[in-house]
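Close look at the chain arrangement
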Amino acid sequence: MQNIRTAIVGAVSYPPSHGNFHPEYQQLLGPVINFLRDNQAPLLVYTYPYFSHIENPRQVSLDYALFTAPSIVVTDGSLQYQNLFDAMLDAFYFALETAGGGSLDIVISESGWPSDGGQGTSVDNARTYNTNLI
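The following refers to the structure shown.

Thresholds, definitions, all that
Residues numbered from 1 in each chain as written. Predicted model: local features only at pLDDT ≥ 70, side-chain atom pairs only at ≥ 80, totals over all residues. Heavy atoms only, no water. Phe/Tyr/Trp six-rings, centres within 6.5 Å; stacked < 30°, edge-to-face > 60°. Buried < 20%, exposed > 50% of the residue type's maximum accessible area, 1.4 Å probe, protein only. Core = buried A, V, L, I, M, F, W, Y, C linked by side-chain atoms within 4.5 Å. Helix = DSSP H or I, 4+ residues; strand = E, 2+ residues; numbered from the N terminus. Contact = heavy atoms within 4.5 Å.

Topic: the packing of aromatic side chains
The full count for this structure, using the stated rule, is 6 aromatic pairs. Measuring from centroid to centroid gives 6.0 Å for Y48 and F51, while their planes differ by 70°, and the two rings are edge-to-face. Since its relative accessible area comes to 17%, Y48 is described here as buried. Judged by relative accessible area, F51 falls into the partly exposed class, the value being 35%. Taken together, the aromatic side chains of Y48, Y50, F51, F67, F85, W113 and Y129 make up a single cluster linked through ring pairs.

Remarks on the nonpolar core
Counting residues in each nonpolar core, the largest one holds 27 residues, and the members touching the most others are F21, Y64, L96 and W113. If you list the elements that add at least two residues to this core, you get α2 (23–38), β1 (43–47), α4 (62–65), α5 (84–98) and α6 (123–133). With 8 residues, α5 is the single largest residue contributor to this core. In this structure L96 touches F21, I33, L43, G101, G102, L104 and I106, once residues within four positions along its chain are discounted.

What follows is the structure in structure tokens.
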């Protein structure tokens, strides 16, 4: 498995409260989650809203992905999201809870926005994303 995001792709990640890992990876992730929980270690996650945006630009707007949406974009019960990053992070937390890792902390070990090479890529978008992330 390339990264933990691969385990969520094809599974449920929207709305965030329905976050769930792909069933094919449950057997692999279970022991990892148990190990991290037993050792009080965080799960390291790569989070790239860019990929969600380019895979579904009609549903995932650029301003939502770049932290520049002027208002709430997604309401999930009592939860409201103005940016995709927070929704993705919550989807991971909900997926962990479902998989028995609800007590785990998540550390975003890598995130960013490409500055060249595809749809929605530019130095300005990369700067906007990285500035708003921090």
